[in-house]
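A closer look at the structure
So the chains spell out like this:
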Number of protein chains: 2
Amino acid sequence: MRIDFAFAAKLLKEHSQIEILCHKSPDGDTLGCAYALCRALQSMGKKAKISIDDVIPHSFDYMNDNIEVQQFEPDLIVAVDVATFDLLGSKEYREKYRDRVDLCIDHHTTNTDFAKYTLLETEPEAAAAAETLLLVLYEVGADVDSGVAECIYTGLSTDTGCFRYSNTTSRTLRMAADMVDKDIPFEMVNKRMFETRTKTYNALETLALASMEMHFDGKCALITITQDMYHKSGSDESESHSLKAIPRQIEGVLAGVTLKEDADGLFRASVRTNAPADACRICARLGGGGHKRAAGCDVPGKTLAEAKQAILDSVAAELESL
Amino acid sequence: MRIDFAFAAKLLKEHSQIEILCHKSPDGDTLGCAYALCRALQSMGKKAKISIDDVIPHSFDYMNDNIEVQQFEPDLIVAVDVATFDLLGSKEYREKYRDRVDLCIDHHTTNTDFAKYTLLETEPEAAAAAETLLLVLYEVGADVDSGVAECIYTGLSTDTGCFRYSNTTSRTLRMAADMVDKDIPFEMVNKRMFETRTKTYNALETLALASMEMHFDGKCALITITQDMYHKSGSDESESHSLKAIPRQIEGVLAGVTLKEDADGLFRASVRTNAPADACRICARLGGGGHKRAAGCDVPGKTLAEAKQAILDSVAAELESL
């Protein structure tokens, strides 16, 4: 059931033991929302904890400062920035939460309403779930102190590529200004999110750039990241995220694809597009989802060549439809 | 003489034939200011033109749309984002303007007051000259339409790395929000400024990454860009700018140096620092200047090895002083 801000605030106010769920492969928005909400609830004297079926990258450690670790049976379960039930984690993990998520605060048009109550800002789509969550916190009357503000800022900045992408609105920028006014170390946040290169990342980027292929008359650029590249560079999957932005950046490219091989030999594609190509449509053809300009999907194929063909076929279908 | 906003506005209102000067190696701030001011003045029925002793990169073409080319003898000469007289251009070019610059609108603490009147926002330092110029335009009562707003946004975004860097303030973000509210294509601007990679740029980046050297216990990263690399990649100097950000991004680096060889075999360094290292001090030792976190200088040396030694000596002096 779709609800409004007042209803979401009422739910949070009426409960006192709240568990917060993030999506797997956590990014700055799902984590920023979770930490912001957890901090705000603990400040109000409620019990709050964050659950996630994944490793939280060290780059996000700063948001965890001074959060109290609390064990309890929840009376309310809230998912933040989680578009579908499957995104919660592995099959085993998510069974614990089947039909048990009370509230989902999200901004994805593809949200499947898996929670009992869903607060979704899609018209226009909020740039980040953190935008929607900030309005919920204001409605609740929570204290948005600098600790909370740093987490909200992280969500806003991460999901907009630091206010670069077309999903940014003047509201996003004004919310960011309000968070900056709380004296948050936003330059540290941005440095961690966008500007820190390890030597191993540098090595991985060099390999990934060398793997670049152009297809369909230069309208598609594809880079490949294999397990072998991780071994050669001393890097790992956690360092591959910012590479995804590169293929779309090549002049003339409508669909930028990053095809990654996971440790089990399965393939996953991350697709970024320039208008009018639609990343969500490209990924939806293979059972994935996301936004118009950025989406992802598992890709069938036993070999890299098969996987490449599968995602390129879907790109071709999209380009032909334009 | 230092002046206030009211005085700067009065100067612009009292004159009707205004020439606007940019600094050489023009960036989005000096050009954004020049185009914004030129548009606003022409809208007010004044004559206005932009002079620059350099090629304007094509990526900035969008700001030039619908600006009328006007020839006239100026009754007011205004420099925007120009910290020192030398930055206007070659010796021959700048002789035309010696003791003739009436007004300078700037944000560099290193401004040498070469103009008759200088409007400078340094406490705190405006993130971009475009911030200061926008306030001047408001004071003048100019119409900040979407054409002007696009140019102001370009200045704000360029000089803050799209609101990432520590010079960004909540005022910068609110001004950007106000510009976004004028329905400007800000994502196109950011794509052009930050996200467009030509194939030749890709090739140049791969060579530059391979040239990276670490010095002083990992506190300094240095990349070199030579004329030979331009030949090999098919690229040129205009594509080297965004490489400058890379050395500082390596974990643990305090001083990131990009050493470039120009067509005449002379060397120039661009220095970016992380706190507490001071880029301006590093470059000032070699006669250059700039800001705490980003500065530049010519580097003495007949060979690459000599130039490298000269800039590394200055980095060493800075690191020892910390």
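Residues numbered from 1 in each chain as written. Chains lettered and ligands numbered in written order. Predicted model: local features only at pLDDT ≥ 70, side-chain atom pairs only at ≥ 80, totals over all residues. Heavy atoms only, no water.

Another aspect to go through is the interface of chain B and chain A. Each partner contributes residues to the interface: chain B has 39 residues there, and chain A has 39 residues. Taking both partners together, chain B and chain A bury about 3,600 Å²; carbon and sulfur atoms supply 53% of that area. On the chain B side of the interface with chain A, the three residues burying the most area are B:Arg164, B:Glu195 and B:Arg197, jointly 22% of the side's total. Seen at the junction of chain B and chain A, the total is four salt bridges. The tally of links between chain B and chain A comes to 14 residue pairs in polar contact (both at pLDDT 80 or more). When residues of the side of chain B that touches chain A are traced back to their parent elements, those giving at least two are helix H6 (170–180), helix H7 (186–195), helix H8 (199–210) and helix H10 (246–249) of chain B. It is H6(B) that provides the largest number of residues to the side of chain B that touches chain A, a total of seven residues. Along the lines of polarity and charge, the residues of the side of chain B that touches chain A split into 15 nonpolar, 12 polar and 12 charged. (Contact = heavy atoms within 4.5 Å. Buried area = accessible area lost by both parts, 1.4 Å probe. Salt bridge = Lys/Arg side-chain N within 4 Å of Asp/Glu carboxyl O. Polar contact = N/O pair within 3.5 Å; in protein donor to acceptor, adjacent residues only side chain to side chain. Helix = DSSP H or I, 4+ residues; strand = E, 2+ residues; numbered from the N terminus. Nonpolar A, V, L, I, M, F, W, Y, C, P; charged D, E, K, R; others polar.)

Looking now at the domain arrangement of chain A. In many analyses, interface size is given as the accessible surface area lost on bringing the parts together. All names here are of chain A. Domain assignment breaks chain A into domain 1 (5–194) and domain 2 (199–321). Between domain 1 and domain 2, the C-alpha centre-to-centre distance is 27 Å. Approximately 450 Å² of surface area, both sides summed, lies buried where domain 1 meets domain 2, with 49% of it carried by carbon and sulfur atoms. In this structure, the connection of domain 1 to domain 2 is made through zero salt bridges. Scanning the region where domain 1 abuts domain 2 turns up two residue pairs in polar contact (both at pLDDT 80 or more). Per-class residue counts for the side of domain 1 that touches domain 2 are one nonpolar, four polar and one charged. (Domains from an automatic or database assignment.)

To continue, consider the pairing of strand S5 (residues 117–120) of chain B. Residues and elements named next belong to chain B. Every second residue of S5 is oriented toward a common face, with Tyr117 and Leu119 on one face and Thr118 and Leu120 on the other, all of them buried. As judged from the four bridges shared by strand S4 (residues 103–106) and S5, these two strands associate in the parallel manner. Opposite Asp106, over in S5, you have Leu120 as the bridge partner. (Buried < 20%, exposed > 50% of the residue type's maximum accessible area, 1.4 Å probe, protein only. Pairing = 2+ DSSP bridges.)

Glancing now at the pattern of salt bridges. Scanning the entire structure with this criterion turns up 31 salt bridges over all chains. Its salt-bridge partner being A:Arg285, residue A:Glu318 comes within 3.4 Å of it at the nearest N-O pair. One end of the pair, A:Glu318, is in helix H12 (residues 304–321); the other, A:Arg285, is in the loop between helix H11 (279–284) and strand S10 (289–290), and 33 residues separate them in sequence. A:Glu318 sits in the buried class, given a relative accessible area of 0%. For A:Arg285, a relative accessible area of 39% translates into the label partly exposed. We note a salt bridge from B:Glu213 to B:Lys308, for which the minimum N-O separation is 2.5 Å. A residue pair is termed long-range when its members are at least 10 positions apart, and B:Glu213 in strand S6 (residues 213–215) and B:Lys308 in helix H12 (residues 304–321) qualify at 95 residues. The network of salt bridges with common partners includes B:Asp278, B:Arg281, B:Arg285 and B:Glu318.

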